Amino acid sequence: DAGDEGGLMGAPAASKQHTVPAKYVIALPTSEPTAYSHYNEFKAGSSVLALYPDTTCFYKAYVATPPSQSNPNPSHRRDYMIEFEDENEVTGRSEPMRVPQKYTLRLPM
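Since this is a predicted model, take the numbers as computed values, not measurements.

Caption draft 1: Broad picture of the nonpolar core. Ranked by size, the top nonpolar core spans nine residues in total: Phe 42, Val 48, Ala 50, Ala 61, Val 63, Tyr 80, Ile 82, Phe 84 and Val 99. Only strand E1 (47-51), strand E2 (58-65) and strand E3 (80-84) provide two or more residues apiece to this core. Here the element with the most residues in this core is E3; it accounts for three residues. With sequence-adjacent residues up to four places away left out, Phe 84 is seen in contact with Ala 50, Leu 51, Tyr 52, Pro 53, Tyr 59, Lys 60, Ala 61, Gly 92, Arg 93, Ser 94, Met 97 and Val 99.

Shown next as structure tokens:
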């Protein structure tokens with residue numbers, strides 16, 4: 001459509017800019033630890049924010065297995081095994097999914 005200026009399905013392209021106060025921004029880690037301790041690893045059962053696989057969205061989730069107890073992935077990286085909240089499951093949680101450490105964050109209070 002000639003009237004469409006970059007938007008999807010006929011919607012106009014968004015041009016608004018939003019500013020978020022720093023207290024609402026959660027920094028992502030830039031590296032993974034070489035050794036694990038209770039200071040740098042969430043224990044099993046911890047509530048966290050985790051990036052849902054193959055998306056760009058963080059959701060409330062629970063640590064099923066921390067990296068120190070998980071097997072390395074094909075890239076030799078140790079990831080968290082995460083259970084996401086899922087109201088369609090009897091347990092209220094998804095099956096454990098592999099999530100990189102840098103995308104597993106402390107749940108804000």
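Caption draft 2: Layout of the sheet that holds strand E5 (residues 104-106). Reading across from one edge, E4-E3-E2-E1-E5 is the order of the five strands in this open sheet, with antiparallel pairing throughout. Two strands bound the open sheet, and with one partner strand each, they are strand E4 (97-99) and E5. Strand-to-strand twist of the sheet, defined as the mean angle between neighbouring strand axes without regard to direction, takes the value 55°. As judged from the four bridges shared by E2 and E3, these two strands associate in the antiparallel manner. Each bridged residue has a counterpart across the sheet, and for Val 63 the counterpart in E3 is Ile 82.

Caption draft 3: Quick peek at the packing of aromatic side chains. Applying the stated criterion across every chain yields a total of three aromatic pairs. When the ring of Tyr 52 is compared with that of Tyr 59, the centres are 6.1 Å apart and the planes differ by 85°; the resulting orientation is edge-to-face. On the accessibility criterion, Tyr 59 (42% relative accessible area) is partly exposed. Clustering of aromatic rings is evident, with ring pairs tying together Tyr 52, Tyr 59 and Phe 84. Lying over the aromatic face of Tyr 62, Arg 93 brings its terminal NZ or CZ to 3.7 Å of the ring centre.

Caption draft 4: Geometry of the pattern of salt bridges. For the coordinates displayed, the defined rule picks out four salt bridges. Its salt-bridge partner being Glu 85, residue Lys 60 comes within 3.8 Å of it at the nearest N-O pair. Of this pair, Lys 60 sits in strand E2 while Glu 85 sits in the loop between E3 and E4, and the two are 25 residues apart along the sequence. As a salt-bridge pair, Arg 93 and Glu 83 come within 3.3 Å of each other at their nearest N and O atoms. Separated by ten residues along the polypeptide, Arg 93 in the loop between E3 and E4 and Glu 83 in strand E3 bring together distant segments of the chain. Take Arg 93: its relative accessible area is 30%, and that puts it in the partly exposed class. Accessibility expressed as a relative area gives 19% for Glu 83, which makes it buried.

Reading the values: the criteria
- Within every chain, residues take consecutive numbers counted from 1 along the sequence as written.
- pLDDT decides what is reported in this predicted model: residues at 70 or higher carry local features, side-chain atom pairs at 80 or more are listed and counted, and totals for whole chains, interfaces and linings draw on all residues regardless.
- In computing side-chain values, all of the structure's heavy atoms are included and hydrogens and water are not.
- For the purposes of this section, nonpolar cores are sets of buried Ala, Val, Leu, Ile, Met, Phe, Trp, Tyr and Cys residues that join through side-chain atoms within 4.5 Å.
- Here the term buried applies to any residue with accessible area under 20% of the maximum for its type, exposed to any over 50%, and partly exposed to those in between, with areas from a 1.4 Å probe on protein chains only.
- Helix numbering and strand numbering both begin at the N terminus, where a helix is a DSSP run of H or I of at least 4 residues and a strand a DSSP run of E of at least 2.
- Only heavy atoms enter the contact rule, under which two residues are in contact if any of them lie within 4.5 Å.
- DSSP bridges decide pairing: two strands pair if at least two such bridges lie between them.
- Axis geometry follows a simple rule: fit a line to the C-alpha atoms, using only the stretch in contact for helices, then measure angles between N-to-C directions, giving values from 0 to 180 degrees.
- Think of it this way: a Phe, Tyr or Trp ring, Trp meaning its six-membered ring, pairs with another when their centres are within 6.5 Å, and the plane angle makes it stacked under 30 degrees, edge-to-face over 60, tilted otherwise.
- Ring-over charges, as used throughout, are those where CZ of Arg or NZ of Lys falls within 6 Å of the ring centre and within 35 degrees of the ring normal.
- Take a side-chain nitrogen of Lys or Arg and a carboxyl oxygen of Asp or Glu: if they are within 4 Å of each other, that pair is a salt bridge.

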